[in-house]
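# Architecture and fold: a report
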Amino acid sequence: MLGTVVSCFICLTSIAVTAISGLVIFFAKLIFIDNEKNRLKKILNRKKNEREEEFARLRSLYKLEAEQQNVISLSWDDLIEKLQKRELTATQVLQAYIGKALEVSEKCNPITDFIPQAHVWAEELDNLNHVKGPLHGVPFCVKDDTNVIGMDTTHGYVKRLYKPATESSVIVKVLQDLGAIPFCKTNVPQTVFTYGSDNLIFGTTTNSHNPKLSPGGSSSGTGALVGAGGSLFGTGTDVL
């Protein structure tokens, strides 16, 4: 009889310890999740504020005056010809397209960030005593699933903010070797796997010709920007 009581006591004690351990783990996880949510919320708010301030600063610097409008209005062939003949500098073209991209951004929100290094790359091209390649001085946008050195590649995830790439992707390197200049990154849906661009960090990108429509595809930030004339071309990806 005594043995049975002892066995029951041991069994109940074991169940109680297991239950208490489970509760401790459960509440510990709740606390961790809550702390992580608060941490990510602070990061998100910081990024939103910094982005808003940076866009405002750039708008005060880059206006679409007559000179910039003339650059934007050039056809692809005419722009290439003027860059190849050094009739236009890479810096002039870059500044014109930053101005236009900012204008487009107010309309359909395709841009996540502008790339500060673009100015350095443009100056380096202008200081060469030769044309670097067939795309010398042509600015282009980069989808936010593709690395550009010094820039975040978020895929729309807050947890990927403030983790800049240490090396550019192959496609970016190849285009730069041809003389092109990556000057901004473009919006994507979170997970990069749906028919439009929307995420907590950068918001929603709309169709540049009809705001009631989606730009379509996960490369919609690039599509919207190029479609509105804010970039001559850009990178995109697709699932086969």
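Along each chain, residue indices are assigned from 1 in the same order as the chain's sequence is written. Side-chain atom pairs in this predicted model are given and counted only at pLDDT of 80 or more, local residue features only at pLDDT of at least 70, and totals for whole chains, interfaces and linings cover all residues. In computing side-chain values, all of the structure's heavy atoms are included and hydrogens and water are not.

### So, the pattern of salt bridges
Where charged atoms of side chains with opposite charge meet at close range, the side chains can pair. This is how it is decided: Think of a salt bridge as a Lys or Arg side-chain nitrogen and an Asp or Glu carboxyl oxygen that are within 4 Å of each other. The cut-offs for exposure are 20% and 50% of the maximum accessible area for each residue type, with area from a 1.4 Å probe on protein chains only; residues under the lower value are buried, those over the upper are exposed, and the others partly exposed. A run of H or I in DSSP counts as a helix once it spans at least four residues, and a run of E counts as a strand once it spans at least two, with each numbered from the N terminus.
Overall, the coordinates contain eleven salt bridges when judged by the stated rule. Here Glu87 makes a salt bridge to Lys82, at a shortest N to O gap of 3.4 Å. Judged by its relative accessible area of 46%, Glu87 falls in the partly exposed class. Overall, Lys82 belongs to the partly exposed group, its relative accessible area being 29%. Note that Lys100 and Glu103 form a salt bridge whose closest N and O atoms lie 2.9 Å from each other. On the criterion of helical spacing, the pair formed by Lys100 and Glu103 is a turn pair, its members being three residues apart in helix α4 (residues 90-108). With relative accessibility at 40%, the residue Glu103 sits in the partly exposed group.

### Let's talk about the environment of Gly99
Under the convention used in this document: Contacts: residue pairs with any heavy atoms within 4.5 Å of one another.
If you trace the backbone, Gly99 turns up in helix α4. The sequence separation of Gly99 and Lys63 amounts to 36 residues, and the corresponding C-alpha distance is 5.5 Å. Gly99 has contacts with Tyr62 and Leu64, leaving out every residue within four places of it along the chain.

### Observations concerning unusual backbone geometry
With a phi close to 60°, Tyr162 is a non-glycine residue in the positive phi region. Owing to a relative accessible area of 29%, Tyr162 belongs among the partly exposed residues under this scheme. Non-glycine residue Val192 carries a positive phi angle of around 55°. Checked against the element boundaries, Val192 lands in the loop between β3 (181-186) and β4 (197-199).

### Remarks on the nonpolar core
Put simply, the rule reads: Residues enter a nonpolar core if they are buried and are Ala, Val, Leu, Ile, Met, Phe, Trp, Tyr or Cys, with the set joined through side-chain atoms within 4.5 Å.
Ranked by internal contacts, the top residues of the largest apolar core, which has 43 residues, are Phe114 and Phe183. Among the elements that take part in this core, α4 stands out by supplying ten residues, more than any other. Those residues in contact with Phe183, other than ones at most four positions away along the chain, are Leu94, Tyr97, Ile98, Ala101, Phe114, Ile115, Ala118, Pro139, Phe140, Cys141, Gly230 and Ser231. Core analysis: the next-biggest nonpolar cluster, separate from the first, contains six residues, Ile43, Leu44, Ile201 and Phe202 among them.

No statement about biological role is implied by the geometric values presented.
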